[in-house]
Amino acid sequence: DPERLMKTLALIPLVVLALASGGCASPGLERARALPVDSKLQPLPQGTAYQYIDPRRDFSVYRRVLIEPVVVYTGADHGFGDVPPADRAALAKAIGPHAARILGGGRVTLATAPAPDVLRLRLTVVGITRSRALLQGVTYVIPIGAALNLAKGASGGGGTFTGSVVLAGEFHDSMSGELVAGFLAARSPNALNVAALSGEYTAAELGAVSLLEELRTRFDARALQWR
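In this report, the structure presented in the accompanying data block is examined. What you see is a predicted model, and the numbers here were worked out from it, not measured in a lab.

**Quick notes on helix 5 (residues 202-220)**
Its 19 residues give helix 5 an end-to-end C-alpha distance of 27 Å, which sits within 8% of 27 Å, the value for a rise of 1.5 Å per residue. For helix 5, the full list of buried residues reads Ala-203, Ala-204, Gly-207, Ala-208, Val-209, Leu-211, Leu-212, Glu-214, Leu-215, Phe-219 and Asp-220. As for helix 5, its buried residues are in contact with strand 3 (64-67), helix 2 (85-103), strand 6 (118-129), strand 7 (164-173) and strand 8 (179-187).

**What about the side chain of Asp-38?**
Relative to the helices and strands, Asp-38 is located in the loop between helix 1 (2-20) and strand 1 (42-43). In this structure, Asp-38 is in contact with Arg-31, Ala-32 and Arg-33, ignoring residues within four places of it in sequence.

**Section: the nonpolar core**
Counting 48 residues, the largest nonpolar core has Ile-95, Leu-123, Val-125, Val-126, Ile-128, Phe-171 and Phe-219 as its most contacted members. Among the elements of the structure, strand 2 (49-53), helix 2, strand 6, strand 7, strand 8 and helix 5 are those that each provide at least two residues to this core.

**Description of the packing of helix 2 against helix 5**
With their axes 10 Å apart at the nearest point, helix 2 and helix 5 run at an angle of 30° to one another. In terms of orientation, helix 2 and helix 5 fall into the roughly parallel class. Between helix 2 and helix 5 the crossing geometry is right-handed. Along its contact with helix 2, which presents Leu-91, Ala-94, Ile-95, His-98, Ala-99, Ile-102 and Leu-103, the element helix 5 presents Ala-204, Glu-205, Ala-208, Val-209, Leu-212, Glu-213, Leu-215, Arg-216 and Phe-219.

**Comments concerning the environment of Asp-54**
Among the structural elements, Asp-54 can be located in the loop between strand 2 and strand 3. Measuring from C-alpha to C-alpha, the distance between Asp-54 and Ala-181 comes to 6.0 Å, with 127 residues separating the pair along the chain. Apart from the residues within four sequence positions on either side, Asp-54 is in contact with Phe-59, Glu-178 and Val-180. A polar contact is formed between the side chain of Asp-54 and the backbone nitrogen of Arg-56, at a distance of 2.9 Å.

Calculation rules
- Residues numbered from 1 in each chain as written.
- Predicted model: local features only at pLDDT ≥ 70, side-chain atom pairs only at ≥ 80, totals over all residues.
- Heavy atoms only, no water.
- Helix = DSSP H or I, 4+ residues; strand = E, 2+ residues; numbered from the N terminus.
- Expected span 1.5 Å × (residues − 1).
- Buried < 20%, exposed > 50% of the residue type's maximum accessible area, 1.4 Å probe, protein only.
- Contact = heavy atoms within 4.5 Å.
- Core = buried A, V, L, I, M, F, W, Y, C linked by side-chain atoms within 4.5 Å.
- Axes fitted to C-alpha atoms, helices over the stretch in contact; angles between N-to-C directions.
- Parallel < 35°, antiparallel > 145°, perpendicular 65-115°, else oblique.
- Left-handed = near helix turned anticlockwise from the far one by under 90°.
- Polar contact = N/O pair within 3.5 Å; in protein donor to acceptor, adjacent residues only side chain to side chain.

Structural data, given as structure tokens:
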């Protein structure tokens, strides 16, 4: 399509300028003051997450997790920008089945009711950035963009103009209701994951999947640690 080609070519100077100045930064990570866990969170060395772990708690007793419906953060310090409320809710709804599938597929299994060996997990979508699909696609074509995305992919980073998600998790003892652990983390899919090109919020959803897979790894290690 000549017209589409001309539009794409017209974007190249803009993309090159953006790439030269750093393009789209890694997913931003701000605090979420309205979350109960916020005051307890401590930053991790990598700068991509905060966590809280109750140092007095013996987490080896927990063998199952009860997942609450995923909710959307409503605090004034949210990271949604101009993402409409309906789209925020749709992403939260999409993350729920991923959480059940991923967290229920490891050594820690899913629970349907509180019990002494059950942690209750509340996931909250705190922020979303859209993928800028056309600009993102161009960066895979022009040499400087392809090289940058390849370098980011090799290091596990997100692609230029790729969307992201900020997700919080709060773990409560299912019997006492006590907050025992939590995290706040930003994720964007790997720069080499071309599936992230398929929609405005696909990258944000894939970022959530990546976080949940990391969480499952921590569960399986009986560690609940992000480092």
